[in-house]
Each structure stands twice: as C-alpha cells, then as structure tokens.
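Take a look at the letters that make up each chain.
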Amino acid sequence: MLSSKAMLDGHGEESPYFQGWKEYEKNPYDDVQNPTGIIQMGLAENQYLLKTWIENNQDATRLTNNGEFMFQDLALFQDYHGLPAFKNVLVEFMAEIRGNKASFDPRNLVLMAGATTASETLTFCIAEHGDAFLLPTPYYPGYDRDLKWRTGVELVPIHCSSSNGFKVTKLALEEAYEHAK
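Residues numbered from 1 in each chain as written. Predicted model: local features only at pLDDT ≥ 70, side-chain atom pairs only at ≥ 80, totals over all residues. Heavy atoms only, no water.

(A) The arrangement of the overall build of the protein in detail. When you go through the protein residue by residue, the secondary structure sums to seven helices and four strands. A separation threshold of at least 6 residues defines the contact pool for the protein, and within that pool the share at least 24 residues apart is 34%. If you sum the accessible surface of the protein, you get close to 13400 Å²; carbon and sulfur atoms cover 58% of it. (Helix = DSSP H or I, 4+ residues; strand = E, 2+ residues; numbered from the N terminus. Contact = heavy atoms within 4.5 Å. Areas by Shrake-Rupley, 256 points an atom, 1.4 Å probe, with all protein chains shown as cover.)

Spelled out as structure tokens, the structure:
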C-alpha cells in the first residue's frame, strides 16, 4: 500500500510542469533551425548557453558513444525514470550475475543516487507521518535526520549486540515491536 503522499497527482506526468516539458520537446527553440520555437524556462539549467559552450569547448567534451557526440545528453537534467540505455545494461548485468536464472524489466528499475536517497524515497512512498519503522542497530546515524526528521516517521531501534554478531533476535524484535505500539 502506498502512502497518501505517494498517491498525490501533483508530481505525475499530467502536472503542468510535465505538460509544458512535452510541448517544449515537440518544438524546441533554436536560433537558426527554429527561431519561433519554445524556450524552456521551467528548468534550473540553461540549455541554450550549454549549446554555445559546447561549440566553443570541443576539446573538453570528447564524450562519445560509437562516434555519436553525447555530452549534452549527460550534462543536462535526465528523465527522472533514468537513462534507458543504462537501465537496459544494468538489468542484463543483474541477470548475468544470477546465472540468467532471473530476468528483470528495466521499466521496473528505479535508480537513486545512494542508499540514503533510496531509503528516504521509499519511506515517503510507503509510510505516513507518525508511522514507525523497526530498524536494527547499529544503523547509519544520518537516518535520524533523513528518515525521521524529513519524512515524519518514527525510528524504533531493534537493539542488536556484538555478542551475537549483531543478529536480530526474536526477543529484540518483539521488544521493539511492543515499544512501537
């Protein structure tokens, strides 16, 4: 079940932001090729000046794929779904390291910039403000800020001990669960 925040429509493909982006992609401004096109003003990046910079700094931008210049594709904002080519290679690798006994759909792959980002995003998606997560100790101390403060969930420690290699015991789990109630 998804949280009420994850179910909101305001961040979806039908938002005014994405509708404007789709219109821009159909008719982008270019001072030579399309001077009456749309200038994208909704991003925190300057695509027009990047084009000029690339033209004047060819030596600094030798990034190619099979001879195809790709610096601009990587330098600017990426689709929040992730780069399709990277996701395709990643699912092939994941299948390969599992002896091709499992397959993966790149459309179901979510890429994040680190474990903290992934944990926070997942927390926003599955928990409501005031819900509790049971978290084995020791845990990354930044979670108190990243998961508790920003998302509003409570972190209830499952106390683990070095005496047993920090294994989660039934007793420790039950104690944490009772405390969470």
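(B) Fine view of the nonpolar core. In terms of nonpolar packing, the biggest core is built from six residues, these being Ala127, Leu135, Tyr143, Leu147, Val153 and Leu155. Non-local contacts of Ala127, meaning those with residues more than four positions away in its chain, are made with Ser3, Phe133 and Val153. Ranked by size, the runner-up nonpolar core spans five residues in total, among them Val156, Ile158, Ala172 and Ala176. (Core = buried A, V, L, I, M, F, W, Y, C linked by side-chain atoms within 4.5 Å. Buried < 20%, exposed > 50% of the residue type's maximum accessible area, 1.4 Å probe, protein only.)

(C) A look at the pairing of strand S3 (residues 132-136). Alignment of S3 against strand S4 (residues 154-158), held across five bridges, turns out to be parallel. Bridging from a neighbouring strand, Leu134 pairs with Val156 of S4. A crossover connection joins S3 to the parallel S4 through helix H6 (residues 143-151); in handedness this β-α-β unit is right-handed. (Pairing = 2+ DSSP bridges. Right-handed = clockwise from strand over helix to strand, strands pointing away.)

(D) Quick peek at the pattern of salt bridges. Using the criterion set out here, one finds five salt bridges in the structure. The residue Lys26 makes a salt bridge to Glu23 at a minimum N-O spacing of 2.9 Å. With a gap of three residues between them, Lys26 and Glu23 both fall in helix H1 (residues 16-26), about one helical turn apart. In this structure Lys26 comes out as exposed when scored by relative accessible area, which is 62%. Note that Glu120 is salt-bridged to Arg150, the shortest N-O span being 2.7 Å. Placement of the pair is Glu120 in helix H5 (residues 115-126) and Arg150 in helix H6, with a sequence separation of 30 residues. Under the relative-accessibility criterion, Glu120 is labelled buried at 15%. (Salt bridge = Lys/Arg side-chain N within 4 Å of Asp/Glu carboxyl O.)

(E) Up close: H6. Where H6 is concerned, the buried positions are Tyr143, Asp146, Leu147 and Thr151. Each buried residue of H6 lies within a common arc of 95° when the element is viewed along its axis, so the set occupies one face. Downstream of H6 by a residue or two, Gly152 has a phi angle that is positive, lying close to 85°. (Arc of directions from axis to C-beta.)

(F) Spotlight on a nonpolar patch on the surface. On the surface, a nonpolar cluster with roughly 400 Å² of combined accessible area is contributed by Leu2, Met7, Leu122 and Ile126. In this fold, Leu122 is placed in helix H5. (Patch = residues over 30% accessible without salt bridge, like charges linked within 9 Å, V, L, I, M, F, W, Y side chains within 5 Å.)

(G) Looking closely at the packing of H5 against H6. The N-to-C vectors of H5 and H6 enclose an angle of 25°; their axes lie 10 Å apart at closest approach. Classified by the interaxial angle, the pair formed by H5 and H6 is roughly parallel. Along this stretch, H5 crosses H6, giving a crossing that reads as right-handed. Counted together, Ala115, Thr116, Ser119, Glu120, Thr123 and Phe124 of H5 and Tyr143, Asp146, Leu147, Arg150 and Thr151 of H6 form the full contact between these two elements. Broken down by class, the residue content of the contact of H5 with H6 amounts to four nonpolar, four polar and three charged. (Axes fitted to C-alpha atoms, helices over the stretch in contact; angles between N-to-C directions. Parallel < 35°, antiparallel > 145°, perpendicular 65-115°, else oblique. Left-handed = near helix turned anticlockwise from the far one by under 90°. Nonpolar A, V, L, I, M, F, W, Y, C, P; charged D, E, K, R; others polar.)

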